[in-house]
Amino acid sequence: MYCDNCGKQIEEDSVYCRHCGRKVGGGAENPNTPPTGLYYAEDKSSAGGAALGFFFPVAGFILWLVWQDKYRKRATSCGKGALAGVIVSAVIVFITFIIMLAMM
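Given the structure is predicted, the values throughout are model-derived calculations rather than measurements.

**Q** Run through the packing of helix 2 (residues 57-67) against helix 3 (residues 72-103), naming residues and quoting values.
**A** Helix-helix packing: each pair is described by the crossing angle between the helix axes and the interaxial distance. The interhelical angle for the contact between helix 2 and helix 3, taken along N-to-C directions, is 155°, at an axis separation of 8 Å. Comparing the axis directions of helix 2 and helix 3 gives the class roughly antiparallel. Note on packing geometry: the crossing formed by helix 2 with helix 3 is left-handed. The residues of helix 3 that touch helix 2, namely those facing Pro-57, Gly-60, Phe-61, Leu-63, Trp-64 and Trp-67, are Arg-72, Arg-74, Ala-75, Thr-76, Cys-78, Gly-79, Ala-82, Gly-85 and Val-86. Broken down by class, the residue content of the contact of helix 2 with helix 3 amounts to nine nonpolar, four polar and two charged.

Right, here's the structure in full:
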């Protein structure tokens, strides 16, 4: 049997897909019940990952790439932190450049 959502092969008696966490058989999911499965047990937003991404954007981008399939919330935190770090760094460089031009 194959999952309707991700298309991966699953066991015949599965209620949820172990790959994507969706309910099998087209039944409506209960929005209050978190998906079950190997990859969803520890997936929650990470302030530490966001801070790491902010101060070290390359590390945040790498974590976003590595975690985007298994830990979506953590990956999003790291990616947002990396994006914010790049934007803040670019603004600081731009302001510094303008100040240096004004001093000449």
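**Q** Report on the state of the cysteines, specifying residues and quantitative values.
**A** Applying the stated criterion across every chain yields a total of zero disulfides. Distance from the sulfur of Cys-3, which forms no disulfide, to the nearest cysteine sulfur (Cys-20) is 3.7 Å. On the basis of relative accessible area, Cys-3 is assigned to the buried category, the value being 6%.

**Q** A description of the pattern of salt bridges should follow, citing residues and the corresponding values.
**A** By the definition in use, this model includes one salt bridge. The salt bridge partner of Arg-18 is Glu-11, with a shortest N-O separation of 4.0 Å.

**Q** Explain helix 3 to me, using residue names and the numbers behind them.
**A** Taking 1.5 Å per residue, 32 residues should reach 46 Å; helix 3 reaches 46 Å between its end C-alpha atoms and fits that length. Within helix 3, burial applies to Ala-75, Ser-77, Cys-78, Gly-79, Gly-81, Ala-82 and Gly-85. If you follow the buried residues of helix 3, they end up packed against helix 1 (47-55) and helix 2.

**Q** An account of the environment of Gly-85 is needed here, citing residue identities and associated values.
**A** Relative to the helices and strands, Gly-85 resides in helix 3. Residue class for Gly-85 comes out buried when judged on its relative accessible area of 1%. Considered as a pair, Gly-85 and Pro-57 are 28 residues apart in the sequence and their alpha carbons are 6.0 Å apart. When residues no more than four places from it in sequence are discounted, the contact partners of Gly-85 are Phe-54 and Pro-57.

What counts, and at which threshold
- Residue positions are given per chain, counting from 1 as you read along its sequence in written order.
- Only residues with pLDDT of at least 70 get local features here, since the model is predicted, and only at 80 or more are side-chain atom pairs given and counted; chain-wide, interface and lining totals rely on the full set of residues.
- For side-chain calculations, the full set of non-hydrogen atoms in the structure is used, while hydrogens and water are omitted.
- To get an axis, fit a line to the C-alpha atoms, keeping to the stretch in contact for a helix; angles then go from 0 to 180 degrees between the N-to-C directions.
- In this description a helix means any DSSP run of H or I spanning at least four residues, a strand means any run of E spanning at least two, and both kinds are numbered starting from the N terminus.
- Working rule for angles: under 35 degrees goes down as roughly parallel, over 145 as roughly antiparallel, 65 to 115 as roughly perpendicular, anything else as oblique.
- By convention the crossing between two helices is left-handed if the near helix lies anticlockwise of the far one by an angle smaller than a right angle, and right-handed if it lies clockwise.
- Contact between two residues is taken to exist if any of their heavy atoms lie within 4.5 Å; hydrogens are not considered.
- Side-chain classes are defined by residue name, with Ala, Val, Leu, Ile, Met, Phe, Trp, Tyr, Cys and Pro counting as nonpolar, Asp, Glu, Lys and Arg as charged, and the others, Gly among them, as polar.
- Whenever a pair of cysteine sulfur atoms sits within 2.5 Å, that pair is classed as a disulfide.
- Remark: exposure states derive from per-residue accessible area (1.4 Å probe, protein chains only) relative to the maximum for the residue type, with buried under 20%, exposed over 50%, and partly exposed in between.
- The term salt bridge refers to a pairing of a side-chain nitrogen on Lys or Arg with a carboxyl oxygen on Asp or Glu at a separation within 4 Å.
- Residue count minus one, scaled by 1.5 Å, sets the expected span of a helix.

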